[in-house]
Amino acid sequence: AVAAGGVIALGQETRTPLSGDAATIFNIGVEYKQSLGMPPTWAAMVLRNRATGVKKNFLLAPQDNYAPDGAVYAYVGKLPVGSYDYYLEFRCGTQYARTDWEALQVYAIPVLSGPTFTTSAGKYTFKVNWEQADNLPVDELTCVLIAPNGRATNLPMTTAGTTFSTGVTYATAAQSLTGPG
């Protein structure tokens, strides 16, 4: 039985990472306290799809043992691709509390294909194709060449393309590859 009365207090909501793709493990939580020391009878993240308005509940789990002075409750897991708003809500008996709405973007997983390389006049160019359904560029792309002696050379890759949703080619500047060292 849940004791009548008492007040729910929520701490600052936390989220790591702030955005990600469909393979990202999100950790979204908040500290829950109840003035009579009772755990919640309901704890959930309410996720609303911005495009459709459809809401879905994801149950929150305690991240440590509940104690009368409170505990952190969180959703830890993946989310489908989409643009969302969400809040965390709690019930204990007749008491109810929730966090403010927060925005969350879950991007499509990018597709990186290749690599390929071409040679001309003794110089090599390394290429890969980047495709991202949300039309997002890659933050940084580097080709790492490792010589037989283990020495690594980092070659930045750039693109002139701008339509990432259908794929663009990133390439290194032409490089001379010399000797074993």
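Now for a description of the structure that goes with this document. Every value quoted in this text rests on a predicted model; they were computed, and no experiment measured them.

The rules behind each value
Residues numbered from 1 in each chain as written. Predicted model: local features only at pLDDT ≥ 70, side-chain atom pairs only at ≥ 80, totals over all residues. Heavy atoms only, no water. Helix = DSSP H or I, 4+ residues; strand = E, 2+ residues; numbered from the N terminus. Buried < 20%, exposed > 50% of the residue type's maximum accessible area, 1.4 Å probe, protein only. Contact = heavy atoms within 4.5 Å. Areas by Shrake-Rupley, 256 points an atom, 1.4 Å probe, with all protein chains shown as cover. Lys, Arg positive; Asp, Glu negative; His and termini not counted. Charge placed at Lys NZ, Arg CZ, Asp CG, Glu CD. Salt bridge = Lys/Arg side-chain N within 4 Å of Asp/Glu carboxyl O.

1. Quick look at the overall build of the chain
Now for step 1: Each helix and strand counted, the chain has zero helices and 17 strands in total.
Now for step 2: In terms of its C-alpha atoms, the chain occupies a principal-axis envelope of roughly 80 × 40 × 20 Å.
Now for step 3: Relative to its full complement of 181 residues, the chain shows a buried share of 33%.
Now for step 4: Contacts in the chain between residues far apart in sequence, at least 24 positions, make up 58% of those at least 6 positions apart.
Now for step 5: With the model as given, the accessible surface of the chain reaches about 10,400 Å², and the carbon-plus-sulfur share is 54%.
Now for step 6: Each charge class in the chain can be summarised by its mean position, and for the 12 positive and 13 negative side chains these summaries are 6 Å apart.

2. Remarks on the pattern of salt bridges
Now for step 1: Scanning all chains against the criterion turns up three salt bridges.
Now for step 2: Aspartate 85 is the salt-bridge partner of arginine 50, the closest N and O atoms lying 2.9 Å from each other. Pair noted here: arginine 50 is in the loop between β5 (42-49) and β6 (55-59) and aspartate 85 is in strand β9 (residues 82-92), with a separation of 35 residues, a long-range link.
Now for step 3: Using a relative accessible area of 45% as the deciding quantity, one classes arginine 50 as partly exposed.
Now for step 4: Residue classification places aspartate 85 among the buried residues on the basis of a relative accessible area of 14%.
Now for step 5: Between arginine 91 and glutamate 89 there is a salt bridge whose closest N-O contact spans 3.8 Å.
Now for step 6: With relative accessibility at 34%, the residue arginine 91 sits in the partly exposed group.
Now for step 7: Put simply, Arg48, Arg50 and Asp85 are held in one network by salt bridges that share partners.

Remember, this is a structural readout, not a statement about activity or role.
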